[in-house]
Amino acid sequence: MKGSMSTELGIITISPEVIAKYAGSVAVECFGIVGMAAVNMKDGLVRLLKKDSLTHGIHVELTEDNRIHLDFHVIVAYGVSISAVTDNLISNVKYKVEEFSNMPVDKINVYIEGVRVID
């Protein structure tokens, strides 16, 4: 489903892929986030995604009333507080995605898929 809003000049439609790409770019800027993770359900393997494939670690759902639900699969840096990192991620993403899309973010789920040591 695509998010759409009506203006006096016409209808604006936003694809979930656009929201996922923007949310992914905001997420990797957050302190303690090493990157997005792709989970291979078949093998149970987790791998770190490159910058150009950030959307694979994010699932975006748009409800009928244009509310956004986000699921993040992330890899965090070793030695950081996971609760502090996820609180920071949720607040930054919520604020910036709402500002970007002009649609409310109702729910953000964060799945920690791994820990990496940063050089």
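Data block above holds the structure.
Residues numbered from 1 in each chain as written. Predicted model: local features only at pLDDT ≥ 70, side-chain atom pairs only at ≥ 80, totals over all residues. Heavy atoms only, no water.

### Considerations on the pairing of strand E6 (residues 68-77)
Formally: A 1.4 Å probe rolled over the protein chains alone gives each residue an accessible area, and that area as a share of the maximum for its type sets the label: buried under 20%, exposed over 50%, partly exposed in between. Comment: elements are numbered from the N terminus, with helices defined as DSSP H or I runs of at least four residues and strands as E runs of at least two. Note on pairing: DSSP must find at least two bridges between two strands before they are called paired. By convention, orient the strands away from the viewer: a clockwise path from the first strand over the helix to the second makes the crossover right-handed.
For E6, the buried fraction is high: nine of the 10 residues fall into the buried class. Examined bridge by bridge, strand E5 (residues 58-62) and E6 share five bridges and lie antiparallel to one another. Within the sheet, the bridge partner assigned to Ile58 lies in E6 and is Phe72. Where E5 folds back onto E6 in an antiparallel hairpin, the turn is made up of five residues, including Asn66, whose phi is positive at roughly 60 degrees. Each parallel crossover has a hand, and for E6 linked through helix H2 (residues 82-101) to strand E7 (residues 105-116) it is right-handed.

### Remarks on the side chain of Asp71
Heads up, the rule is: The convention is simple: Lys and Arg are positive, Asp and Glu are negative, and His and the chain ends are not counted. Just to be clear on terms, a salt bridge is a Lys or Arg side-chain nitrogen sitting within 4 Å of an Asp or Glu carboxyl oxygen. Pairs of N or O atoms are called polar contacts if they sit within 3.5 Å, as long as, within protein, a hydrogen donor faces a hydrogen acceptor (for residues adjacent in sequence, only side-chain-to-side-chain pairs). The contact definition used throughout considers only heavy atoms, calling two residues in contact when any of these lie within 4.5 Å.
Within the secondary structure layout, Asp71 lies in strand E6. No salt bridge is formed by the buried Asp71; its nearest oppositely charged neighbour, Lys107, is found at 6.8 Å. Within the structure, Asp71 has its side chain in polar contact with the side chain of Asn109 (distance 2.8 Å). Those residues within four positions of Asp71 in sequence are excluded, and the remaining contacts are Gly57, Ile58, His59, Asn109 and Tyr111.

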